[in-house]
Amino acid sequence: MLIQNVIFTLIVLILASLLAEPLSRLFRLPFVAFLIVIGFIGSELVVFFGFDTGIRAANFNDLVFYVFLPIIIFESAYRINQQALRQNLLAILMLAIPIMIISVVIAALLIYWGIGHDSGFPVFTALVAGALLVATDPMAVVSHLKRIKAPEEITTLIEGESLFNDAVAVVLFTSLLTIALEVQTMSDASSSISVASEILNFALTFFGGLLFGFICGCIGAFLSYVIQTRILENVLLVSVAYGSFLMAEDYLGVSGMMSVLAAGLLMNKAHEKFIPASDRAFIHYWWEVISFFANAMIFILLGVTITLSMFEERWLAMLIAIGAVLLTRAIAVFSLLPLFTFKSSHPVSPATQKILFWGGTRGAVTVALALSLPVELDAWWTLQSMAFGVVLFTLFVQAPTVPRLLQITHPKHTKSHINLIKKQT
């Protein structure tokens with residue numbers, strides 16, 4: 001592998017990602033959709049001209065988990081509106097933890113039943129698919145919602161749910177993937193897998209990550225109070241993000257994603273107290289830039305990985321996955337959410353439920369997990385194809401139509417803002 005080729009490839013990808021934003025404004029589609037198109041066209045040109053980029057599919061797992069995901073999770077936790085988060089915390093936590101876990105099981109059963117191939121697509125593989133597909137990503141939707149000044153409750157619910165369920169989904173995915181690989185190598189899996197021990201291991205990984213992230217956040221908050229220099233604060237935040245992830249994941253054996261989440265939320269709170277508003281604006285802008293880069297690289301890698309043979313050979317699996325995801329999301333939002341939050345002081349209105357249902361798009365985390373699937377898993381290519389199909393559907397169908405749905409469900413709020421935007425454009 002030539003490091004010069006890798007660096008040159010990354011520079012070309014960064015420059016190519018700059019084209020996505022003006023194209024997205026021109027065609028009124030999420031800019032990540034154009035990143036996928038750019039990645040696909042670029043990969044086809046690379047193959048045609050025979051250029052060695054130095055980037056290998058075998059490196060995707062480490063690249064995604066150790067470079068991109070910690071930045072995406074930490075940035076979301078650090079920049080979220082904490083006041084709005086507290087007001088909608090019950091609904092967000094219910095969506096992100098119990099409802100998401102139930103959704104994984106429902107989606108897995110629907111996919112397992114739809115595929116109908118016990119030997120080639122066993123139930124534990126279906127559970128991996130469920131964990132892979134349920135995590136929501138607001139990036140494609142929130143930009144549209146902010147553009148038309150949607151109610152803050154809606155954007156907070158979508159962003160907050162994604163923030164928590166992304167981290168939970170990664171823990172579930174890694175746990176279920178480990179089980180699926182173990183089952184695959186066992187002749188009598190039913191007698192060898194202990195459900196109780198796996199649940200205990202999941203709980204230790206989940207809460208252990210939260211605890212360690214809390215400790216890292218407290219240390220970071222103390223250092224932030226001592227430093228109070230916006231350049232050094234950015235250095236500190238990068239150290240907290242990657243440090244909490246690496247130490248939790250590789251040295252303590254707990255969830256790095258939960259650790260990053262907890263640390264990001266604590267640093268958010270610490271900066272509200274210790275850092276002046278002008279410095280926070282600078283820090284937020286800087287993190288918006290590096291988060292943009294991380295997301296852009298993931299979606300470009302998606303475009304690079306997509307092949308036409310996926311659509312030719314796995315189109316039915318993609319349709320099954322899309323249908324399972326939509327049905328599962330409908331059950332989660334319209335049935336489970338009211339059930340889990342019926343005593344809430346801030347209930348989610350029926351109109352907002354419709355936005356949560358259709359605005360529950362899939363994005364960076366689903367792509368990242370799909371790219372990290374080990375080839376040792378028998379059905380890895382089918383799972384990856386299903387994930388890509390769902391992501392493409394949410395980006396090209398759901399995300400562009402969310403503003404129109406918002407106009408229907410919240411006509412009084414959005415009418416004046418949409419008219420203003422039409423006049424300006």
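Conventions adopted
Residues numbered from 1 in each chain as written. Predicted model: local features only at pLDDT ≥ 70, side-chain atom pairs only at ≥ 80, totals over all residues. Heavy atoms only, no water. Helix = DSSP H or I, 4+ residues; strand = E, 2+ residues; numbered from the N terminus. Buried < 20%, exposed > 50% of the residue type's maximum accessible area, 1.4 Å probe, protein only. Contact = heavy atoms within 4.5 Å. Areas by Shrake-Rupley, 256 points an atom, 1.4 Å probe, with all protein chains shown as cover. Axes fitted to C-alpha atoms, helices over the stretch in contact; angles between N-to-C directions. Parallel < 35°, antiparallel > 145°, perpendicular 65-115°, else oblique. Left-handed = near helix turned anticlockwise from the far one by under 90°. Nonpolar A, V, L, I, M, F, W, Y, C, P; charged D, E, K, R; others polar. Core = buried A, V, L, I, M, F, W, Y, C linked by side-chain atoms within 4.5 Å. Salt bridge = Lys/Arg side-chain N within 4 Å of Asp/Glu carboxyl O. Expected span 1.5 Å × (residues − 1). Arc of directions from axis to C-beta. Polar contact = N/O pair within 3.5 Å; in protein donor to acceptor, adjacent residues only side chain to side chain. Phe/Tyr/Trp six-rings, centres within 6.5 Å; stacked < 30°, edge-to-face > 60°. Lys NZ or Arg CZ within 6 Å of the ring centre and 35° of its normal.

Draft legend 1. Examining the overall build of the protein more closely. A count of helical and extended segments in the protein gives 20 helices and zero strands. A buried classification covers 52% of the 425 residues belonging to the protein. Long-range pairs, those at least 24 residues apart, make up 83% of the contacts in the protein with a sequence separation of at least 6. Here the protein has roughly 19400 Å² of accessible surface; of this, 68% comes from carbon and sulfur atoms.

Draft legend 2. View of the packing of helix H8 (residues 123-134) against helix H19 (residues 380-409). Remark: H8 packs on H19, axes separated minimally by 10 Å, with the N-to-C direction vectors making an angle of 25°. The angle between the axes of H8 and H19 places the two elements in the roughly parallel class. As for the relative orientation of H8 and H19, their crossing is right-handed in sense. The residues of H19 that touch H8, namely those facing Thr125, Val128, Ala129, Leu132 and Leu133, are Leu383, Met386, Ala387 and Val390. Across the contact of H8 with H19, the residue classes tally to eight nonpolar, one polar and no charged.

Draft legend 3. Focus on the nonpolar core. Core analysis: the largest hydrophobic core is formed by 126 residues, its most contacted members being Phe74, Leu261, Phe299 and Leu383. Broken down by element, this core gets its largest block of residues, 15 residues, from helix H10 (residues 152-184). Among all residues touching Phe299, those that are not within four sequence positions of it are Val32, Leu35, Ile36, Asp137, Gly363, Ala364, Val367, Val391 and Leu395.

Draft legend 4. Main features of the packing of helix H14 (residues 277-305) against H19. Relative orientation of the contacting elements H14 and H19 amounts to 120°, with a least axis distance of 12 Å. Between H14 and H19, the angle is such that the two are oblique. For the crossing formed where H14 meets H19, the hand is left-handed. Along the contact surface, H14 presents Phe299, Leu302 and Thr305, while H19 presents Gln384, Phe388, Val391 and Leu395. Taken together, the residues of the contact of H14 with H19 break down into five nonpolar, two polar and no charged.

Draft legend 5. Layout of the pattern of salt bridges. Across all of its chains, the model carries four salt bridges by this definition. The residue Arg79 makes a salt bridge to Glu75 at a minimum N-O spacing of 2.9 Å. Highlighted residues: Arg79 and Glu75, both in helix H4 (residues 60-79), separated by four residues, approximately one helical turn. Among the residues examined, Arg79 registers a relative accessible area of 33% and is labelled partly exposed. One salt bridge in this structure joins Arg329 and Glu161, with 2.6 Å as the shortest N-O distance. Here Arg329 is found in helix H16 (residues 315-340), whereas its partner Glu161 is found in helix H10, with 168 residues between them in sequence. On the basis of relative accessibility, which here comes to 7%, the residue Arg329 falls in the buried class.

Draft legend 6. Looking closely at helix H7 (residues 98-115). A rise of 1.5 Å per residue sets the reference length of H7, with its 18 residues, at 26 Å; its end C-alpha atoms lie 26 Å apart and thus fit the reference within 8%. Residues of H7 that are buried include every one of Ile99, Met100, Ser103, Val104, Ala107, Ala108 and Ile111, and no others. Projection of H7 onto a plane perpendicular to its axis shows the buried side chains occupying an angular sector of 170°, all on one side. Directly beyond the C-terminal end of H7, a positive phi value near 60° is found at Gly116.

Draft legend 7. Region of interest: the environment of His271. Topologically, His271 is positioned in helix H13 (residues 256-274). Residue classification places His271 among the buried residues on the basis of a relative accessible area of 1%. Separated by 38 residues in sequence, His271 and Glu233 have C-alpha atoms that sit 9.3 Å apart. Not counting residues within four places of it along the chain, the set of residues in contact with His271 comprises Tyr78, Ser224, Glu233, Leu237, Arg280 and Ile283. Only 2.8 Å separates the side chain of His271 from the side chain of Glu233, close enough to count as a polar contact.

Draft legend 8. Summary view of the side chain of Ser385. By the element assignment, Ser385 lies in helix H19. Setting aside residues no more than four positions away along its own chain, Ser385 makes contact with Met310, Arg314 and Met318.

Draft legend 9. Representation of the packing of aromatic side chains. Under the definition given, this model contains eleven aromatic pairs. On the basis of an interplanar angle of 5° and a centroid distance of 6.2 Å, the ring pair of Phe74 and Tyr78 is categorised as stacked. Residue Phe74 and its partner Tyr78 are located together in helix H4, separated by four residues, close to a single helical turn. When its relative accessible area of 0% is taken as the criterion, Phe74 is described as buried. Here a set of aromatic residues connected by ring pairs shows up, and it is made of Phe74, Tyr78, Trp286 and Trp287. Across from the ring centre of Phe282, 4.4 Å away, lies the NZ or CZ of Arg230, which sits over that ring.

Draft legend 10. The arrangement of unusual backbone geometry in detail. Look at Gln228: it is not a glycine, yet its phi comes out positive at around 50°. Here Gln228 shows up in the loop between helix H11 (195-227) and helix H12 (230-252). According to the relative accessible area criterion, Gln228 is partly exposed, its value standing at 37%.

Draft legend 11. Inspection of H12 at higher detail. Between its first and last C-alpha atoms H12 spans 31 Å; for 23 residues at 1.5 Å apiece the expected length is 33 Å, and the two agree. Among the residues making up H12, those that are buried are Glu233, Asn234, Leu236, Leu237, Val240, Ala241, Ser244, Phe245 and Ala248. Of the residues trailing H12, Gly253 is marked for its positive phi of about 70°.

Draft legend 12. Structural detail: the environment of Ala379. Here Ala379 is to be found in the loop between helix H18 (364-371) and H19. As a C-alpha pair, Ala379 and Thr125 span 254 residues in sequence and 7.5 Å in three-dimensional space. The residues touching Ala379, leaving out its near neighbours within four places in the chain, are Gly120, Phe121 and Thr125.

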